[in-house]
Amino acid sequence: MLNNEEFDLWSNEYDRTVALSDEEKTYPFAGYTGVLEKIFRLVTAKKGAKVLDIGFGTGALTAKLYEHGCEIWGQDFSQRMVETSKSKMPDAHLFQGDFSQGLKAPLLHNTYDFIIATYSLHHLTDDLRNKFIRSLFDLLKKGGFILIGDIAFFNWHELEQCKEAAGDEWDDEEVYFVFDELQREFPKVKFEQISHCAGVFSLMK
């Protein structure tokens, strides 16, 4: 797993690196644009939604939501990415911190229409991720949604197929979502596959 200094160093190349993988339809970011577009459509269906973004990166999604009139709150591991995103969203409420250690206090004093996480939760172990997701329900308004877009598979067979195809490019330090496993923890979770290695999960309060 990258530390915060490595994330800072990568921030300048992040969008270009992601775009190249998405365009070439290769692991790990095949389907990235489709994932963001899906979440964008779901969030903007509610006018002026209050959104918490966990691991917003360079603001590729949240900046679009901000421009669309959403109220944006968020936390990211990298101070450089926080600064980059603040330049795009000057009125957003953005904080630096390792969310595996919890969310910053100001974020815990609000409730949200949507809590989103795109390509960030795969840095957590399964147990820590499940515990973290459960904690987010307390921050949702009634009828609100947790939306997770990430490297994800319906089952372990599909994950193993992708791993074999990726070869040396596969990142063994990241923990990817497998729908049938997540469904055992959250029976009402819904999943839409976007590419061979990406999808969007939704959980409603």
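Treat the numbers as computed from the prediction; the structure is a model and nothing was measured.

Points about the sheet that holds strand β8 (residues 190-195)
Now for step 1: Pairing in this open sheet of seven strands is mixed, and the strands run β3-β2-β1-β4-β5-β9-β8 from one edge to the other. In this open sheet, the two edge strands, each paired with only one partner strand, are β3 (93-96) and β8. When the angles between neighbouring strand axes are averaged without regard to direction, this sheet yields 15°.
Now for step 2: Where strand β2 (residues 71-76) and β3 come together, four bridges link them in parallel fashion. Bridging across to β3, Asp 76 finds its partner in Gln 96.

Overview of the packing of aromatic side chains
Now for step 1: Going through the model one piece at a time under the given rule, you end up with 15 aromatic pairs.
Now for step 2: Plain terms: the ring middles of Tyr 27 and Trp 170 are 4.8 Å apart, the flat faces sit at 15° to each other, and that makes the pair stacked. Remark: Trp 170 occurs in the loop between α7 (156-166) and β7 (177-178) and Tyr 27 occurs in the loop between α1 (4-23) and α2 (32-44); sequence separation between them is 143 residues. The exposure classification of Tyr 27 matches that of Trp 170, with both residues buried.
Now for step 3: With centroids separated by 5.1 Å and ring planes inclined at 50°, the aromatic side chains of Tyr 32 and Tyr 119 adopt a geometry described as tilted. With a gap of 87 residues between them, Tyr 32 in helix α2 and Tyr 119 in the loop between β4 (112-118) and α6 (126-136) connect regions that are remote in the sequence.
Now for step 4: Grouping aromatic residues by their ring pairs yields a cluster made of Phe 154, Phe 177, Phe 179, Phe 191 and Phe 201.
Now for step 5: One Lys or Arg, Lys 50, reaches over the ring of Tyr 112 and ends 5.6 Å from the middle of that ring.
Now for step 6: For Arg 129, the ring lying beneath its charged end belongs to Phe 177, and the centroid distance is 3.9 Å.

Section: the environment of Gly 31
Now for step 1: Within the secondary structure, Gly 31 sits in the loop between α1 and α2.
Now for step 2: Sequence-wise, Gly 31 and Ile 148 are 117 residues apart; in three dimensions their C-alpha atoms are separated by 14 Å.
Now for step 3: Contact partners of Gly 31, with chain neighbours within four places excluded, come to Asp 22, Tyr 119, Ile 194 and Ser 195.

Calculation rules
- Residues numbered from 1 in each chain as written.
- Predicted model: local features only at pLDDT ≥ 70, side-chain atom pairs only at ≥ 80, totals over all residues.
- Heavy atoms only, no water.
- Pairing = 2+ DSSP bridges.
- Helix = DSSP H or I, 4+ residues; strand = E, 2+ residues; numbered from the N terminus.
- Axes fitted to C-alpha atoms, helices over the stretch in contact; angles between N-to-C directions.
- Phe/Tyr/Trp six-rings, centres within 6.5 Å; stacked < 30°, edge-to-face > 60°.
- Buried < 20%, exposed > 50% of the residue type's maximum accessible area, 1.4 Å probe, protein only.
- Lys NZ or Arg CZ within 6 Å of the ring centre and 35° of its normal.
- Contact = heavy atoms within 4.5 Å.

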